[in-house]
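# Structure assessment
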Amino acid sequence: MGKRTQIPTVNAGSMADIAFLLLIFFLVTTTIETDAGIDRKLPRENTDPIAIEYKRKNLFPVWVDGEGRLLVKNERIDLKELRSMAISFIDNGGADPNHPDYCDYCMGLRDQTSSDSPSKAIITINTQRETEYGVYIAVQNELVGAYTELRNREANRLYHRNYTDMEEQYQNGQTSLLVKAELKKNIRYLRDLYPLNIVEPQQ
Amino acid sequence: MSKFKKNNTTVPEVSTASLPDIVFMLLFFFMTVTVMKDDNLNVSNELPNASEIKKLEKKDRVITIHVGRPNDRLVPVLGKEPRIQLGDKFAHLSEIGPYVLSRLTSMPEALRPYAVISLKVDRKTHMGLIKDIKQELRTVGALKVNYTTYEGDVFQNLE
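Figured I'd write up the structure that's included with this text. Numbering of residues starts from 1 in each chain and follows the order in which that chain's sequence is written. Here every chain gets a letter starting at A, and every ligand a number starting at 1, in the order they are written. Note on the predicted model: pLDDT of at least 70 is required for a residue's local features to be given, and 80 or more for side-chain atom pairs to be given and counted; whole-chain, interface and lining totals, by contrast, use all residues.

## Thoughts on the overall build of chain B
Each helix is a run of H or I in the DSSP string that is no shorter than four residues. Each strand is a run of E no shorter than two, and both are numbered from the N terminus. Along the backbone of chain B there are five helices and seven strands. Counted from the first residue to the last, chain B has its helices and strands arranged as α-α-β-β-β-α-β-β-α-β-α-β. For a compact globule of 159 residues, the expected C-alpha radius of gyration is about 15 Å, and chain B comes in at 25 Å, more than 25% above that figure. By principal-axis analysis of the C-alpha atoms, chain B measures approximately 95 × 40 × 35 Å. By residue count, 27% of the 159 residues in chain B fall in the buried class. Distance between backbone-placed C-beta atoms decides contact: two residues are in contact if it is within 7 Å. Looking at chain B alone, contacts between residues at least 24 apart form 78% of all its contacts between residues at least 6 apart. For this measure, only C-alpha atoms enter the radius of gyration; the expected value for a globule follows 2.2 Å times N^0.38, where N is the number of residues. Once C-beta atoms are placed from the backbone, each residue is buried if 20 or more other C-beta atoms lie within 10 Å of its own, exposed if 12 or fewer, and partly exposed for counts between those two.

## Thoughts on the interface of chain A and chain B
Often, the extent of an interface is quoted as the loss of accessible area upon association of its parts. Taken residue by residue, the interface counts 45 residues in chain A and 49 residues in chain B. Looking at the side of chain A that touches chain B, the elements that each hand over two or more residues are helix H1 (15–29), strand E1 (36–41) and helix H3 (133–159) of chain A. By residue number, the principal contributor to the side of chain A that touches chain B is H3 of chain A, which donates twelve residues. Here the nonpolar group is Ala, Val, Leu, Ile, Met, Phe, Trp, Tyr, Cys and Pro; Asp, Glu, Lys and Arg are the charged ones; every other residue, Gly included, is treated as polar. Its residues assigned to classes, the side of chain A that touches chain B shows 19 nonpolar, 15 polar and eleven charged.

## Digging into the sheet that holds strand E6 (residues 198–199) of chain A
Residue and element names in this part refer to chain A. For two strands to count as paired, DSSP must find a minimum of two bridges between them. The five strands lie next to each other as E4-E3-E2-E5-E6, forming an open sheet whose pairing is mixed. At either margin of the open sheet sits one strand with a lone partner, and together these are strand E4 (75–77) and E6. Sheet topology places strand E3 (residues 70–72) next to E4; three bridges connect them, and they run antiparallel. Across the sheet, Leu-70 pairs through a bridge with Ile-77, a residue of E4.

## Here we look at the nonpolar core
Remark: nonpolar core denotes a set of buried Ala, Val, Leu, Ile, Met, Phe, Trp, Tyr and Cys residues whose joining runs through C-beta atoms within 7 Å. In terms of nonpolar packing, the biggest core is built from 48 residues, with Ala-86 and Val-139 of chain A together with Ile-117 of chain B touching the most fellow members. Here the element with the most residues in this core is H3 of chain A; it accounts for twelve residues. In this structure Ala-86 of chain A touches Phe-60, Ile-123, Glu-142, Leu-143 and Ala-146 of chain A, once residues within four positions along its chain are discounted.

## A word on the packing of helix H4 (residues 163–171) of chain A against helix H5 (residues 177–193) of chain A
Residue and element names in this part refer to chain A. Their axes nearest at 10 Å, the elements H4 and H5 cross at an angle of 140°. Relative to H5, H4 is oriented oblique. Seen from above, H4 lies across H5 with left-handed handedness. Of the residues in H5, those touching H4 at Tyr-163, Met-166, Glu-167, Gln-169 and Tyr-170 are Lys-180, Leu-183, Lys-184, Asn-186, Ile-187 and Leu-190. Classifying every residue of the contact of H4 with H5 by side-chain character gives six nonpolar, two polar and three charged. For every element, the axis is a line fit to its C-alpha atoms; helices are fit only across the contacting stretch, and the angle between N-to-C directions ranges from 0 to 180 degrees. Our angle categories are set so that under 35 degrees counts as roughly parallel, over 145 as roughly antiparallel, 65 to 115 as roughly perpendicular, and the remainder as oblique. By the definition used in this description, the sense in which the near helix is turned from the far one sets the handedness, with an anticlockwise turn below a right angle giving left-handed and a clockwise turn giving right-handed.

## Re the packing of H3 of chain A against H4 of chain A
Residue and element names in this part refer to chain A. Two elements in contact, H3 and H4, have axes separated by 7 Å at closest approach and are oriented at 90°. Taken as axis vectors, H3 and H4 run roughly perpendicular relative to one another. Mapping the contact onto sequence places Thr-148, Arg-151, Asn-152 and Ala-155 in H3 and Tyr-163, Thr-164 and Met-166 in H4. Here the residues of the contact of H3 with H4 sort into three nonpolar, three polar and one charged.

## Looking at helix H2 (residues 79–90) of chain A
Each α-helix winds once per 3.6 residues, and so residues spaced three or four apart point in a common direction. All names here are of chain A. Counted at 1.5 Å a residue, the expected span for H2 with its twelve residues is 16 Å, and the 17 Å between its end C-alpha atoms agrees. Residues of H2 that are buried include every one of Leu-82, Ala-86, Phe-89 and Ile-90, and no others. Across the axial projection of H2, the buried residues extend over an arc of 85°, all falling on one side. Exposed and oriented more than 90 degrees from the buried face of H2 are Lys-80 and Ser-84. Each residue after the first adds 1.5 Å to the expected span of a helix. This arc describes the spread of directions from the helix axis toward the C-beta atoms.

## Let's talk about unusual backbone geometry
All names here are of chain A. For Lys-73, which is not a glycine, the phi torsion comes out positive at approximately 50°. Here Lys-73 shows up in the loop between E3 and E4. Judged by the 13 C-beta atoms lying within 10 Å of it, Lys-73 falls in the partly exposed class. Located in the positive-phi region is Arg-110, a residue other than glycine, with phi close to 55°. In this structure, Arg-110 sits in the loop between H2 and strand E5 (122–127).

In structure tokens, the structure reads:
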């Protein structure tokens, strides 16, 4: 009567072994994927390329040779200088204050011999077939970085936050549509202030 | 004194009952972050570093093109000239266009405008080949390109 039937417990001692086995399997098969990079948009295909005339002062040609040396405005420079040179070129705002191109938010030197306004300023990357891809990416990175720095500056002035943060929030799936619409408008505006004009002319 | 003498001097065993829990925790972590490899790489693929990078968020709209020197075990057969790898096969330059288009058609229609070409190019590749690839992509109208890189200091690329 007083006997209690005891339910036998399952021995969980081997649980750790099984879990370890699975763990090791996943550890071995895991590859942390690299899925980040520099986004660029290629120009549309046109059957007969048009040669567009630009004022020489609005051009910022970057030449990269087969050995990875950089030539900017007929001067050999170091990659470390490229970003600051690009910024001072884009942000120069050399147009006359009465001219429609005049850029009132630019903080550059207003040098008459450099670019008129950010929307007029064009950066060209000329590479040779022998140029190494790594160098090309470094140049692209520095030039995109120059634009991002300028957009960040304007974003801080207008919206008191970084342009990169705004983009990140826009990309985030948890952001509400209302906030997204507002962000989109602001991001567009910042992009219009400093449009990314990096071209690769065909020789 | 006598109180101490009574004490058992053997150290009690550490309980391992919580070990499975810890291991399971690790297991779940790895299970959730794991991305299964979908194609075998036949080319060396040491990507360059960059800092101004954006993440490729959604995997379903990415078309990857690998470029680089053939693997060490394939060098005796194929030489050291950089090759293009589409899916898991080597391909000729002229096959890029058809490959991209066929990948696009297998995508849901709503995603096609957002398709991104992820160029995973070894840092030692010469720009000539990249220019040709970009030209091929332009002819089929695949204009959104992501130069996939590692996150890091760009000045290391020059070494």
